[in-house]
Structure formats: structure tokens, C-alpha cells
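Descriptive structure summary
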Amino acid sequence: MNNFEEYCTKFVQSVGSKEGAVSPSLVNSASFGYATPQTAEGIFNGTIKKPLYSRMGNPTSARLEAIMADMDGGIGAVATSSGMGATSLATMSLLACGDEIISIGGLFGGTYSFFSETLTRFGIKTHFFDVDAFENIQKTINENTKILFLESVGNPNMRLPDIKKIAKIANDAGVVLIVDNTITPMSISPLALGADIVVYSTTKIISGNASALGGCAVFRAIHEGEDKFKTQRYAHMSKFIKSAAKMALIPNAKKRALRDFGMSASPHASYQTMLGLETLPLRMDRIVKSVEAVVDALNSKGLDVNHPCLKTHPHHERYVTDFKKGCGSLFTLDMGTKERAYEFLSRTKLATLTANIGDSRTLALHMASTIYSDFDADTRKFLGITDGLIRISVGLENPIDIINDFLESAK
Ligand SMILES: *Cc1c(COP(=O)(O)O)cnc(C)c1O
């Protein structure tokens, strides 16, 4: 499924045009003229496919959406203002007060606080489980469960889920599975493994150069016969299934989230994102090789590193069999104490200290004092955040330079 060479061809060919401007055109208009009142009516009722207003979609973002949908084997996609925008669009377009989410593995700090604090205020309850807690996940599903949510690689706990097995649990129970696949289908393809919706922070390795905040949600087609979206659990979907058939998840996301919450992508960011996307496979190839080289070197010097490429990691086998092109740019280094972690971060000349990941440059950050500083000790423990934990995102530098800098900084 993860045909890396196929992506190399696909991205450059689909971002560029064969006629006229080769680079995608950047349409900066917020609004669009409708020519006649009849055209306006047609655009609003969906029979005429022309831009309505940039909150509801923009031609530049539409191009990115088409490439992202194709990349995942989805039927359509909605670009958003950020990765959190994509997660909130995908979830809020399905949820109502009284519903429940089962969140598995991970979890990115923003997603954790969205589920545990913000959605709680709207009467939506989330149960959190480790990736391997299959029995408890199954037992917790009830008639109010609307979403199973997981991250394809735990950020920053580096635990890997068995997506196929969890998708089977979701499908058997008739519950939607949403996967945060910010590591991209270069590594794993959740829709092909049975997930329903995939969300991305394109800010990370897809753009790759810290120039554009963005996100995207990719949706599968609604099946012609039986489909879990046609059941009572997702009764609010029926009108979209009537009007848009297999495309129903797109108007549902646009009308239930984009129109009303306005987490719409900026066309400028979508343009920048496409420029990044066309070199994604090459950067990913180099980065995943460097990650393994750096992790091996630090590990052999006795440093406490966490990455599933290590034979001692509990998900090493899953890493080898399921993740064809590594699992992204991250690994963690545990320096034991906050003081030792700060010493390392003060000494490194190579790493940029920032909250981003997946950049062309190597990045590093102390977890407990930054992204996870709002969380109590129990939550940090569940998320694998120890006092000395540093998250590293490996960049495009010469891996030997990274290794030398890190060994020097860890002394
Ligand atoms: C960064 C990140 C997000 C949030 O993305 P933003 O673009 O910063 O909103 C969500 N999930 C994962 C795994 C991330 O790394």
C-alpha cells in the first residue's frame, strides 16, 4: 500500500500544471462574484460547482484538498486553518451533547486538552486508553460512543497502534474511527486499514519548512449498501446521504463545522503547503534514515532514547511490519531530570528549541515545562511525560553532525 516511488511521481505531477502557469495559482479573494441570481442560487444549492465564499472553500485550497484526498485514497478532503482545525472539524461535525469519544494512545497536547477540557464543557465525555488496551476499548463502547480517535504514532510517547485491529473493533461496533496521521501515508495509510476519516497537521512534515500553519481532514466514500453512517447512531447524516450519496461526509463537514466554526484554510497557506508537499517523499526518506542512525548512535552510547526502531521497544515488530517508511521525524531522549534536560538544551548548537515538529531543521523541546505544563502528574504519567523528557524532531542536516552535537550536549 505504501508505494513510496508512486508518491514521488504523483506529488510533483499533481502540484504542477502542464499548461499555463506551472506553479499552482494563488486565488487570494475572500468572496466570488456570481454573474446572475440564478448562478447564485445554483452555487448555494450545490448544483453549480463554483466558489461560494472562501470560508466554505477556495480554489487554491481545493487543489490541495484534491491532492490530499488522492494521497489517502479518500473521496474528498477539507483543508483547515491548522491541524487542530482539522481535528475539531472532523469531530464537531459528528458530535452532539451526551456523546462519547474513545481516545487511544498518543496524545498530542492540543488534542488531549480539546477532548479532556473543552469538549467536556459541551457535555461530551472522552475515555482515554493505551494503544494496547483492546479489551477495555471494546468494553467501553456503548450506544453513545460516536468516535474512536487515535494517533498513528504516539506523540511524544512513541507507542504504535495496531490500526487494523482497532479499525475492526470500530467497524464491528458501528463506530467511526478517526486517525491523526500527521506522519503521512508515506509511513502508513489508515483509510486502507479500515479508518473512516484521517486528519493532518500539514504544518509539520507536509509543509516541512515552518512557513504555513494548516491542516486537512480526508474522508472515505459512503458505501452504496450498508454503511455505519446510515445507522441510527449517525442519524443526523441522513439528509447529507440523501443529497450527496457517497460524498456525504464532505457537505456534513462543511455545513456542520466549516460554515459555523470557520476553521477554514488560508489560500496562502494552502499554496505554501503544496510547495512543501511535492518534496515530501524525498525529505521523509532522508529523515527516517537519519532518525534510525541518530537513535542507534545515542542508544549505543547508553543514552535513554525511545523509538520503535530499537529492538527493545515493545512495538518494534509493528514498526517493522506495518510502518513501511519509518514513523516520521520524532524520537525522545530522557535525560533523567529537568536540570539535565535543560543542560542538554542549553548546550546543543544544532537543534532549534521550538514546539514544532517535522521541519527541515532539527528541533528539540523539554516536554514537561512547555506543551504539557498545564497537565497534572497523573495525566503526564499517562501520556509518558517524565521530568527529563526531551522531544527531538530530526531534520535534513548531515546525521553525523546531529549525532556529534547531541553526544557533546549530553555529556
Ligand atoms: C502539531 C500536531 C497537531 C496540531 O496541529 P497544528 O497545525 O499545530 O494545529 C495535531 N496532531 C499532531 C500529531 C501534531 O503533531
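Note: the structure precedes this text.
None of the values given here were measured: they were computed from a predicted structure.

Attention shifts here to the layout of surface pockets. Its volume calculated, the largest pocket comes out at about 1,100 Å³. What lines the largest pocket is a set of 32 residues, and nearest its centre among them are G46, K49, M56, I250 and K254. Broken down by secondary-structure element, the contributors of at least two residues to the lining of the largest pocket are α2 (37-45), α3 (59-72), β1 (76-80), α8 (238-244) and α9 (249-261). Each residue belonging to the lining of the largest pocket can be placed in one class, and the counts come to 18 nonpolar, 6 polar and 8 charged. As a volume, the second largest pocket reaches approximately 490 Å³. Taken together, 29 residues line the second largest pocket, and the ones lying closest to its centre are F108, N155, T182, K204 and I357. For the lining of the second largest pocket, the elements supplying multiple residues, two or more each, are α4 (83-92) and β6 (197-201). Of the residues forming the lining of the second largest pocket, the biggest block, 3 residues, is contributed by α4.

All right, on to the nonpolar core then. Proteins that are soluble and globular tend to have nonpolar side chains buried together. If you look at the biggest cluster of nonpolar residues, it comprises 122 residues, and the most contacted ones within it are L148 and F331. The leading source of residues in this core is helix α11 (residues 280-300), at 9 residues. Of the domains in this structure, domain 1 (5-269) and domain 2 (281-409) are the two that each give at least three residues to this core. Filtering out sequence-adjacent residues up to four positions away, L148 remains in contact with I102, I104, I137, I141, I166, A170, V175, V176, L177 and I178.

Moving on, we get to the state of the cysteines. Under the counting rule described, the total for this entry stands at 0 disulfides. In this structure C8 is not part of a disulfide, and its nearest cysteine sulfur, from C327, lies 19 Å away. Since its relative accessible area comes to 22%, C8 is described here as partly exposed.

Turning next to the site of the ligand. By nearness alone, 13 residues border the ligand, and G83, D180, S201, T203 and K204 come closest of all. In the model, an oxygen atom of the ligand is placed 2.9 Å from a nitrogen or oxygen of the M84 main chain. For the ligand, an oxygen atom lies 2.8 Å from a polar atom in the side chain of K204. Cavity membership is defined here by more than half of the atoms lying within 2 Å of grid points; on that basis the ligand lies in the second largest pocket.

Turning next to the packing of aromatic side chains. Per the stated rule, a full pass over the model turns up 10 aromatic pairs. With 5.7 Å between their ring centres and 35 degrees between their planes, F114 and F115 make a pair best called tilted. For F115, a relative accessible area of 0% puts it in the buried group. Geometrically, the ring pair formed by F128 and F382 is edge-to-face, given 6.4 Å between the ring centres and 65 degrees between the ring planes. Of this pair, F128 sits in strand β3 (residues 125-129) while F382 sits in helix α14 (residues 377-383); the two residues are 254 residues apart in sequence, bridging distant segments of the chain. Judged by relative accessible area, which is 34%, F382 ranks as partly exposed. Clustering of aromatic rings is evident, with ring pairs tying together Y112, F128, Y372, F375 and F382. Positioned over the ring face of F134 is K165, at 4.1 Å from the centre of the ring.

Criteria and thresholds
- Residues numbered from 1 in each chain as written.
- Predicted model: local features only at pLDDT ≥ 70, side-chain atom pairs only at ≥ 80, totals over all residues.
- Heavy atoms only, no water.
- 1 Å grid on protein atoms, 1.4 Å probe; cavity = no way out; pocket = protein on both sides within 12 Å on 5 of 7 lines; lining within 4 Å.
- Points joined across faces, edges and corners; volume = space filled by probe spheres on them.
- Helix = DSSP H or I, 4+ residues; strand = E, 2+ residues; numbered from the N terminus.
- Nonpolar A, V, L, I, M, F, W, Y, C, P; charged D, E, K, R; others polar.
- Core = buried A, V, L, I, M, F, W, Y, C linked by side-chain atoms within 4.5 Å.
- Buried < 20%, exposed > 50% of the residue type's maximum accessible area, 1.4 Å probe, protein only.
- Domains from an automatic or database assignment.
- Contact = heavy atoms within 4.5 Å.
- Disulfide = S-S within 2.5 Å.
- Near = heavy atom within 4 Å.
- Polar contact = N/O pair within 3.5 Å; in protein donor to acceptor, adjacent residues only side chain to side chain.
- Sits in = over half its atoms within 2 Å of the grid points.
- Phe/Tyr/Trp six-rings, centres within 6.5 Å; stacked < 30°, edge-to-face > 60°.
- Lys NZ or Arg CZ within 6 Å of the ring centre and 35° of its normal.

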